[in-house]
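A closer look at the structure
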Amino acid sequence: MKEHKTSPLVWPLRALGLGALIGVWAFGNGPGGISPLVLPTIPRVLEALGEALSQFSTYEAAAITFGEILAAFIIASVFGLAAGFWAARTPLRLQVFQSIFVWGYLAPLILFYPIFILSFGTGVGSKIGYGAVSAFFPIAYNSLRAFATVQPTMLKVAKAFGASSFQTDFLIKLPSALPLISSGVRIGAGASMITVIFAEMLASTAGLGYQLALNSQTFAAPQAFAMIILLMALVGVLQGLVNLLLTPRRDRGKIINVAH
Amino acid sequence: MRMSINDVSVTFTRAGSTVEALKDINLSLHEGEFVALLGPSGCGKSTLLTCLGGLMTPTKGEIVVGDSVVENPDPRRAAFVFQDYSLLPWKNILDNVGVGLRFAGVGKQERRQRSQELLEMMGLSQWGESHPGQLSGGMQQRVAVARALAMDPSILLMDEPFGALDEQTRRSLGESISTVLTQNKQTVVLVTHSLDEAIYWADRVIVMSARPGRVMAEVQIRQPRPRPLEFIAQEDFAQLRSQLFLMLNEAMGHDQQANPLEPQRA
Amino acid sequence: MKTQARIGRVAVVVAGLLVWELLTRFDLIDSDFVSTPIAVGVAFTEMLRNSEVLSALASTGGNILLAFIIGTVIGVIAGTVMGLSKTLWQAYSAPLLFLMSTPKSIFLPIFILLCGIGSTSAVVFGAFEAAVFVTINVAAGMALVEDRHMKVARAFKASWAQTILAVVLPSALPGIFTALWFGIRHAFIGVLIAELWASSDGVGGLIRVYAEQLHTDKTLALMLAVTFLAIIAGTIWNHLETRLTRWRQSSAAGAATTTATS
Ligand SMILES: Nc1ncnc2c1ncn2[C@@H]1O[C@H](COP(=O)(O)OP(=O)(O)OP(=O)(O)O)[C@@H](O)[C@H]1O
Ligand SMILES: [Mg+2]
């Protein structure tokens, strides 16, 4: 997308959007007649948020969720990159594994969580394993595409100037593959967040997702809303970190739109 | 149709900095006149054409066609051949040629027939069902010319329409197109980088200076149109050619000191 | 090469099943937890005759369709509006992109609280998931409309409706296709997530019930059946997309968009 001058209306419009959201919420509570048991009032939610923030256990839960996502993401990245690289080495492997990775991509892995609980229990391990598996496929697929589509002219240059196969891998293939790899890693990061948090909500004993599920099942609506806000903040921090990691220094500050 | 360009200036503003593309252009074209615009790359030729067609409003000044000031595009009045062809890649060639007619509500039967005629004139009659992606650059340019001619406009605005063609094709096309243009008394503004093309086709050649674009000089070509190919071999032609060559050289800003005609440049 | 690749893929799948069977047979992993391929196969054939499963499939299918329609209609309208106005895009694209990459499941409790446990919240949640993705992709598709093609429309005096039909729509078609794919995919995932989390009916609910009763074979048979359907749908969609947007010279690059960006 092209760069455009930022319109002066951008911030007023955003304020308007936020205002509308708050307005609808307040209307629901007041004239709309929605029970506060179902839709807690804004002050009650803020109060619950303050309470949560003053408790050490909240930070502990956040750290657990954060750690699970990070571990799942790192494992998936290492294995995904290695698998993509390995599978792109010969034309036959490429054709075989490209389809298999796409299948893994298309599979609604989010449904498979019960199997992970049965195998790994309801602890931290099952979240990490589950998150890693679902982030693996997008990373592997995109790395495979990346390594497979290195421009032939660049390889010719490498050959002509006598690069060894090791040099070709690290000086030619890797740099030219980086953009696609990084988009795969971005999608993988998203996938590990989605799966880990949902796994925590489904069956676990710790973490912010667990707290959210617990509060909502015990109809503690203000606390549940507070957890949603905290989870959004956590996701924001994680997304920021991923952007920092994956955006080349010279491109920082530009808005990059990826439609995934 | 008669067209006059009165004191036209165009200034682009982008991210705080401004670019003066055109400055104080004054020209007038009589009906049926063929004018060629020559000038260094980036001097504002395309910008001027865009203003003439009503796609852009000049920062200053106005363009008058007939009795009215040009404010909006109207392909029946002035039709474009864009520098980058801009064919619609999802439509086949026949539909691309007829796109303006379609917008004007002309029925399918008539549209197709007219488009086919023009394609024949352009030497592309077998390509009607192909898509632009399958054509070479020069072929796409000819489709863009056909698309403009299909509107039967009073004024034809062509931005380097034959830049990608070989000399031979260009000449043979030139003959058929110039016959049509002369018959229909169309006013033509042609932007080109080719001296030969300008002299062979135009009644008047305008030389523009480097940015900000101004009219630096103009040369009348008195030979009646349509011209025979032999014109190119005549003494007159060679003289005009070297005259224009020197002017263009000045316009490029070479030989600055030696030339008092060179305008002040920013 | 093509047949070799086909044989290769089958070989990989068969090898996977074989490893699974052998690992459980020699008790290296507990078959209670992961079942065995043969047991899953048997459970699958039984499932085809089980009315409970068939009605769950029908109800989930209906929910997905409804969620898809609602979500896509909302998303297409919102995305078109955002794609046509640069100001709106600038104002709301960042929050929407954030929402898109946020796990939507964290909002599930809100839907359950407001719509109750059951089909309604599954449909509404699925529609919400779909709408977010469709909006972004339609808006991004509209950005593919090139200025020079809009210039042609203007120069040749196309009316507003003609511009939309002759220029905007065809240019945005690849984006719209991707958007529809995301609509289907996320309506599907959304409905199943909602059912899995808090509902005892539908396929999601059934999977949870089977898992809780430690019927691993049935759980897996159902999951694999759904997965199989998802893969088939995705593959068909990819072919369709490539075919309908063939005029693009770079259709090879375009063909991968659906899978590369889910
Ligand atoms: N939309 C725009 N915004 C800012 N500057 C522009 C814009 N369009 C053109 N310019 C500038 O105006 C000047 C004239 O551009 P124009 O395209 O008219 O040149 P030209 O004479 O047609 O060149 P060429 O022969 O290379 O086609 C250039 O310096 C260009 O950078
Ligand atoms: Mg130009």
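Residues numbered from 1 in each chain as written. Chains lettered and ligands numbered in written order. Predicted model: local features only at pLDDT ≥ 70, side-chain atom pairs only at ≥ 80, totals over all residues. Heavy atoms only, no water.

Some remarks on the coordination of the magnesium ion (ligand 2)
Residue and element names in this part refer to chain B. Protein coordination at the magnesium ion (ligand 2) comes from Ser46 (OG) and Gln83 (OE1), with a distance range of 1.9 to 2.3 Å. With Ser46 in helix α1 (residues 45-52) and Gln83 in the loop between β6 (78-81) and α2 (93-97), the pair connects residues that are 37 residues apart, well separated along the chain. For Ser46, a relative accessible area of 27% puts it in the partly exposed group. Exposure remark for Gln83: the relative accessible area of 39% places this residue in the partly exposed category. (Donors = N, O, S within 2.8 Å, 3.2 Å for Na, K, Ca; no water. Helix = DSSP H or I, 4+ residues; strand = E, 2+ residues; numbered from the N terminus. Buried < 20%, exposed > 50% of the residue type's maximum accessible area, 1.4 Å probe, protein only.)

Observations concerning the pairing of strand β10 (residues 215-220) of chain B
All names here are of chain B. Examined bridge by bridge, strand β9 (residues 204-208) and β10 share 5 bridges and lie antiparallel to one another. Within the sheet, the bridge partner assigned to Met208 lies in β10 and is Val215. The antiparallel pairing of β9 with β10 creates a hairpin that spans 6 residues between the two strands. (Pairing = 2+ DSSP bridges.)

With respect to the interface of chain A and chain C
Across the contact, 62 residues belong to chain A and 67 residues belong to chain C. Carbon and sulfur atoms supply 75% of the area buried between chain A and chain C, which totals about 5,700 Å² over both sides. Between the two partners, chain A and chain C, sit 0 salt bridges. Between the two partners, chain A and chain C, sit 9 residue pairs in polar contact (both at pLDDT 80 or more). Mapped onto the side of chain A that touches chain C, the elements with two or more residues apiece are α1 (10-29), α4 (91-106), α5 (113-120), α6 (124-148), α8 (165-202), α9 (208-217) and α10 (221-246) of chain A. Among the elements that make up the side of chain A that touches chain C, the one with the highest residue count is α4(A) (11 residues). Residues that form the side of chain A that touches chain C fall into these classes: 45 nonpolar, 14 polar and 3 charged. (Contact = heavy atoms within 4.5 Å. Buried area = accessible area lost by both parts, 1.4 Å probe. Salt bridge = Lys/Arg side-chain N within 4 Å of Asp/Glu carboxyl O. Polar contact = N/O pair within 3.5 Å; in protein donor to acceptor, adjacent residues only side chain to side chain. Nonpolar A, V, L, I, M, F, W, Y, C, P; charged D, E, K, R; others polar.)

Things to note about the site of ligand 1
Residue and element names in this part refer to chain B. Among the 13 residues in the neighbourhood of ligand 1, the closest are listed as Ser41, Lys45, Ser46, Thr47 and Arg211. Between ligand 1 and Ser41, the relevant distance is 2.5 Å, taken from an oxygen atom to a side-chain nitrogen or oxygen of the residue. Protein contacts shield 70% of the accessible area of ligand 1, which totals 640 Å² for the unbound molecule. (Near = heavy atom within 4 Å. Areas by Shrake-Rupley, 256 points an atom, 1.4 Å probe, with all protein chains shown as cover.)

Observations regarding helix α1 (residues 2-25) of chain C
Along its 24 residues, α1(C) runs 34 Å from first to last C-alpha, staying within 8% of the 34 Å computed at 1.5 Å per residue. For α1(C), every residue scored as buried is listed here: C:Ala5, C:Gly8, C:Arg9, C:Trp20, C:Glu21 and C:Thr24. Where the residues of α1(C) are buried, they touch α4 of chain A together with α2 (31-34), α3 (37-47) and α11 (216-244) of chain C. Downstream of α1(C) by one or two residues, C:Asp27 has phi in the positive range, about 60 degrees. (Expected span 1.5 Å × (residues − 1).)

Notes on the sheet that holds β6(B)
All names here are of chain B. Spatially, 6 strands are ordered β6-β7-β8-β3-β9-β10 in an open sheet, and the strand pairing comes out mixed. Looking at strand neighbours, the two that pair on one side only are β6 and β10, the edges of this open sheet. Neighbour-to-neighbour, the strand axes of this sheet turn through a mean angle of 15 degrees, independent of strand direction. In this sheet, strand β7 (residues 155-159) lies alongside β6 in parallel orientation, the contact comprising 4 bridges. Each bridged residue has a counterpart across the sheet, and for Ala78 the counterpart in β7 is Ile155. In the packing of helix α5 (residues 137-149) onto the sheet, the strands contacted are β6 and β7, and the crossing angle to β6 comes to about 175 degrees. (Axes fitted to C-alpha atoms, helices over the stretch in contact; angles between N-to-C directions.)

A look at the interface of chain B and chain C
Listed per partner, the contact involves 22 residues of chain B and 17 residues of chain C. Both faces considered, chain B and chain C share a buried interface measuring about 2,000 Å² in area, 70% of it formed by carbon and sulfur atoms. Three residues, B:Leu55, B:Trp90 and B:Phe103, lead the burial of chain B against chain C; their summed loss comes to 37% of the area buried on that side. The interface formed by chain B and chain C includes 2 salt bridges. The partner of B:Asp74 in a salt bridge is C:Lys157, with the nearest N and O atoms 4.0 Å apart. Between the two partners, chain B and chain C, sit 5 residue pairs in polar contact (both at pLDDT 80 or more). If you list the elements that add at least two residues to the side of chain B that touches chain C, you get α3 (99-103) and α5 of chain B. Taken together, the residues of the side of chain B that touches chain C sort by class into 13 nonpolar, 4 polar and 5 charged.

A word on the sheet that holds strand β1 (residues 3-14) of chain B
Residue and element names in this part refer to chain B. Read from one edge of the open sheet, 4 strands run β2-β1-β4-β5, paired in antiparallel fashion. Bordering the open sheet on either side are β2 (17-29) and β5 (68-69), each of which pairs with just one other strand. As judged from the 9 bridges shared by β1 and β2, these two strands associate in the antiparallel manner. Paired with Arg14 across the bridge in β2 is Ser17. Each of β1, β2 and β4 (60-65) touches α1; the most contacted strand, β1, lies at about 120 degrees to it.

Quick word on the packing of aromatic side chains
Residues and elements named next belong to chain A. For the structure on display, the rule yields 20 aromatic pairs over all chains. The interplanar angle of 80 degrees and the centroid separation of 5.0 Å between the aromatic rings of Phe85 and Phe147 together place this pair among those described as edge-to-face. Taken together, the positions of Phe85 in helix α3 (residues 56-87) and Phe147 in helix α6 put the pair 62 residues apart, joining distant regions of the chain. In this structure Phe85 comes out as partly exposed when scored by relative accessible area, which is 28%. Under the relative-accessibility criterion, Phe147 is labelled buried at 8%. Grouped by ring-pair contacts, the aromatic residues Trp86, Phe97, Phe101, Phe136 and Phe137 constitute a single cluster. Of note, Arg14 hangs over the ring of Trp11, and the distance from its end group to the ring centre comes to 4.7 Å. (Phe/Tyr/Trp six-rings, centres within 6.5 Å; stacked < 30°, edge-to-face > 60°. Lys NZ or Arg CZ within 6 Å of the ring centre and 35° of its normal.)

A closer look at the packing of α6(A) against α8(A)
Residues and elements named next belong to chain A. One way to put it is that α6 packs onto α8 with a least axis distance of 7 Å and a crossing angle of 160 degrees. By the angle class used here, α6 and α8 are roughly antiparallel. By crossing handedness, the relation of α6 to α8 is classed as right-handed. Counted by class, the contact of α6 with α8 contains 15 nonpolar, 9 polar and 3 charged residues. (Parallel < 35°, antiparallel > 145°, perpendicular 65-115°, else oblique. Left-handed = near helix turned anticlockwise from the far one by under 90°.)

Some remarks on the side chain of B:Thr187
If you trace the backbone, B:Thr187 turns up in strand β8 (residues 187-191). Dropping the residues within four chain positions of it, B:Thr187 is found in contact with B:Met1, B:Leu29, B:His30, B:Glu31, B:Gly32, B:Glu33, B:Ser154, B:Ile155 and B:Leu156.

A few points about the pattern of salt bridges
Side-chain pairing between opposite charges can occur once the charged atoms of the two side chains come close. Tallied over the full model, the rule gives 14 salt bridges over all chains. Close ionic contact of A:Glu47 with A:Arg44 constitutes a salt bridge, the shortest N to O distance being 3.1 Å. One end of the pair is A:Glu47 and the other is A:Arg44, both in helix α2 (residues 42-53) and 3 residues apart, which spans about a single turn. Classification of A:Arg44 by relative accessible area gives partly exposed; the value is 35%. Overlapping salt bridges, with partners in common, bring together B:Glu33, B:Arg204 and B:Glu218 in one network.

Section: the pairing of β4(B)
Residue and element names in this part refer to chain B. As paired elements, β1 and β4 share 5 bridges and run antiparallel to each other. By the bridge assignment, Met3 is partnered in β4 with Val65. Linkage of β4 to β5, two consecutive antiparallel strands, is achieved through a turn of 2 residues, within which Gly66 is found at a positive phi near 65 degrees.

Section: the packing of helix α8 (residues 147-155) of chain C against helix α9 (residues 160-198) of chain C
All names here are of chain C. For the pair α8 and α9, interaxial distance at closest approach is 10 Å and the crossing angle is 155 degrees. In terms of their interaxial angle, α8 and α9 are classed as roughly antiparallel. Viewed along their axes, α8 and α9 form a crossing whose handedness is right-handed. Residues His149, Met150 and Ala153 of α8 touch α9, and the partners they reach there are Thr163, Val167 and Val168. In terms of residue class, the contact of α8 with α9 is made up of 4 nonpolar, 2 polar and no charged.

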